Amino acid sequence: MRLLQPFLRSTRRTASSLSQPRALLLAPGQQSLRNEYYALRHGWSKANEAGIIVSRIDSGARLEYGLHATGREQASAAGDAFKAIVRTRPVTILSSDFSRTFETAKIVAKAVHADVEAEPALRERDFGDFELGPNTAYEAVWEQDAIDATHTAWGVEAACAVLERAAGAGQR
């Protein structure tokens with residue numbers, strides 16, 4: 001999360017910002033959707049600190065790969081910033097069930113008096129053969145992604161499949 005730069009990204013969409021505004025279910029005269037969506041990456045984790053890839057639930061759910069103390073501080077700062085944004089509005093928080101993301105979400109949720117719902121569709125991309133290996137392997141995967149978003153070299157989950165899976169979480 002590298003000091004939360006920028007740690008919250010708003011994805012509020014207006015009818016004029018979409019290529020096909022008729023696809024939205026907007027009431028006459030309504031200019032935007034009623035919901036706002038924010039994405040937050042987990043805080044610095046013990047896996048980040050160790051320089052390893054943790055991308056499968058059997059590893060990712062383990063507390064030994066949860067948040068590092070720095071990550072808890074980052075999550076707390078994110079919670080304070082998010083509270084300033086949402087004020088008293090009701091908030092729903094969905095999180096991957098990986099320990100690092102769920103712990104981040106719980107810290108943020110506490111700041112805004114919300115609950116956290118585990119959503120497996122928001123899990124980390126599966127990095128296949130690189131699981132629990134050095135995080136320097138990301139570069140080779142990302143190089144292939146730039147050429148073909150459907151590739152599954154080294155047993156990795158295709159980038160386009162990750163996008164489809166995660167986007168589905170917001171539609172439920």
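Residues numbered from 1 in each chain as written. Predicted model: local features only at pLDDT ≥ 70, side-chain atom pairs only at ≥ 80, totals over all residues. Heavy atoms only, no water.

1. Let's talk about the confidence of the model for the protein chain
Phase 1 of the analysis: With 80% of its residues at a pLDDT of at least 70, the protein chain reaches an overall mean of 86.
Phase 2 of the analysis: Here residues 1-24 is modelled with pLDDT under 50, and outside its nearest four sequence neighbours on either side it reaches 42 contacts, counting other chains as well. (pLDDT = per-residue confidence, 0-100. Contact = heavy atoms within 4.5 Å.)

2. Quick look at the environment of Thr-101
Phase 1 of the analysis: Here Thr-101 shows up in helix 4 (residues 99-112).
Phase 2 of the analysis: Sequence separation of Thr-101 and Leu-40 is 61 residues, and the distance between their C-alpha atoms is 9.1 Å.
Phase 3 of the analysis: Not counting chain neighbours up to four residues away, the residues in contact with Thr-101 comprise His-42, Ser-95 and Ser-96. (Helix = DSSP H or I, 4+ residues; strand = E, 2+ residues; numbered from the N terminus.)

3. Focus on the packing of aromatic side chains
Phase 1 of the analysis: Applying the stated rule across the entire model yields 4 aromatic pairs.
Phase 2 of the analysis: Ring centres of Tyr-38 and Phe-82 lie 5.4 Å apart, and the angle between their planes is 70 degrees; this geometry places the pair in the edge-to-face category. Residue Tyr-38 is located in strand 2 (residues 38-39), and its partner Phe-82 is located in helix 3 (residues 69-86); the two are separated by 44 residues in the primary sequence.
Phase 3 of the analysis: Measuring from centroid to centroid gives 4.8 Å for Phe-127 and Tyr-138, while their planes differ by 75 degrees, and the two rings are edge-to-face. With Phe-127 in the loop between strand 4 (116-118) and helix 5 (138-147) and Tyr-138 in helix 5, the pair connects residues that are 11 residues apart, well separated along the chain. (Phe/Tyr/Trp six-rings, centres within 6.5 Å; stacked < 30°, edge-to-face > 60°.)

4. Details of helix 5
Phase 1 of the analysis: Along helix 5, the positions that sit buried rather than exposed are Tyr-138, Val-141 and Asp-145. When helix 5 is viewed along its axis, its buried side chains cluster within an angular range of 65 degrees and face the same direction. Across from the buried face of helix 5, at angles greater than 90 degrees, the exposed residues are Glu-143, Ala-146 and Ile-147. (Buried < 20%, exposed > 50% of the residue type's maximum accessible area, 1.4 Å probe, protein only. Arc of directions from axis to C-beta.)

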